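# Structural description and commentary
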Amino acid sequence: MRWLLVLWDIDFTLINAGGVGTHLYRMVFRDMFGTELPGAADMAGRTDRAIVLDTLARAGIPEPRQHLDQFLARLAALAPTGHELAVQHSRALPGAAAALDALAALAPSRDGGRTIGGPRPESPVPGRDGAGDGATDVCVVQSVLTGNVRRMAEIKLGAVGLDVHLDLEAGAYGDSHEVRSDLVHLARGNAARRYGRSFAGPATVLVGDTPLDVAAARATGARAVAVATGGTSADKLAESGADAVLPDLTDTPSVLTAILGGPYP
């Protein structure tokens, strides 16, 4: 049985959050410093820890690091407001739900079912008996590797119904580390403890829309599947060293082939 840990980026890979993150940054900044935020730093592919530090520095706040934890805590505390905004303004990107559903058919089962959370290594993978075509049975754990703080990740995914097949305990979030590649190690450790399996090297697959997603995969020996649904072209993503590049997630068989590393129905 081959096990894979698939770590999805959220913003502009699975969803378009409709500017919810920037709006909440402005709310927190106004609450903490009593003035309007001049502008948020570039968010694409970065963690909230890094974005907050850069944003505060650009706004002229002295010693921004001393305000970092408070800013992140207040950001997480705004999750109810963020949920309301996400329900109004966010949308799942085309093909995202179908891709998650298709990989969920390969998920480890618990208590004889196909719910996330407890691996049953002896459980068969539907439609993959390995007979006749040289295919290897595969078991897929899906989670996230995102720059969002965890509470914001939860509300963004929940607002558009994309949290059903994701084991969020096995992922990593932007309130843990500033550097995205550090999150890969954290997610692998979380997944290993939950499933009793190593997800070293190419047993981890990152799916994201920026060169920083690809760089995090390359720095940690993971495979990188890049999706040109954000602000980076397919050509630029290919140049960044992605193992596979997709225009979007609408072709489910192509998504499975890119993520699983082989043709799967």
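First things first, this report covers the structure right here in the doc. The structure displayed is predicted, hence computed values, not measured ones.

## Brief notes about the packing of aromatic side chains
Scanning all chains against the criterion turns up three aromatic pairs. When the ring of Phe 29 is compared with that of Phe 33, the centres are 4.9 Å apart and the planes differ by 45 degrees; the resulting orientation is tilted. One end of the pair, Phe 29, and the other, Phe 33, are both in helix α1 (residues 20-33), four residues apart, so they sit about a helical turn from each other. Residue Phe 29 is classed as buried on the basis of its relative accessible area of 1%.

## Details of the packing of helix α7 (residues 180-195) against helix α8 (residues 211-220)
At a closest axis distance of 8 Å, the pairing of α7 and α8 adopts a crossing angle of 60 degrees. In this view, α7 runs oblique relative to α8, as classed from their interaxial angle. As α7 runs across α8, the sense of the crossing is right-handed. Residues Arg 180, Ser 181, Val 184, His 185 and Arg 188 of α7 form the contact with α8, whose own contacting residues are Leu 212, Asp 213, Ala 216, Ala 219 and Thr 220. Grouping the constituent residues of the contact of α7 with α8 by class yields four nonpolar, three polar and three charged.

## A word on the layout of surface pockets
Size it by volume and the largest pocket reaches roughly 400 Å³. Taken together, 29 residues line the largest pocket, and the ones lying closest to its centre are Asp 11, Phe 12, Met 43, Asn 148 and Lys 156. Ranked by residue count, the leading element in the lining of the largest pocket is α1, at five residues. Of the residues belonging to the lining of the largest pocket, the class tally is 10 nonpolar, 10 polar and nine charged.

## What about helix α4 (residues 79-89)?
For an α-helix, 3.6 residues make a turn, and residues three or four places apart therefore share a direction. Regarding α4, the residues found buried are Ala 79, Gly 82, Leu 85 and Ala 86. The arc that holds the buried residues of α4, viewed along the axis, is 120 degrees, so those residues lie on one side. In α4, the exposed positions that point more than 90 degrees away from the buried face belong to Pro 80, Glu 84 and Gln 88. Where α4 is buried, its residues contact α1, α3 (65-77) and α6 (150-159).

Conventions we followed
Residues numbered from 1 in each chain as written. Predicted model: local features only at pLDDT ≥ 70, side-chain atom pairs only at ≥ 80, totals over all residues. Heavy atoms only, no water. Phe/Tyr/Trp six-rings, centres within 6.5 Å; stacked < 30°, edge-to-face > 60°. Helix = DSSP H or I, 4+ residues; strand = E, 2+ residues; numbered from the N terminus. Buried < 20%, exposed > 50% of the residue type's maximum accessible area, 1.4 Å probe, protein only. Axes fitted to C-alpha atoms, helices over the stretch in contact; angles between N-to-C directions. Parallel < 35°, antiparallel > 145°, perpendicular 65-115°, else oblique. Left-handed = near helix turned anticlockwise from the far one by under 90°. Contact = heavy atoms within 4.5 Å. Nonpolar A, V, L, I, M, F, W, Y, C, P; charged D, E, K, R; others polar. 1 Å grid on protein atoms, 1.4 Å probe; cavity = no way out; pocket = protein on both sides within 12 Å on 5 of 7 lines; lining within 4 Å. Points joined across faces, edges and corners; volume = space filled by probe spheres on them. Arc of directions from axis to C-beta.

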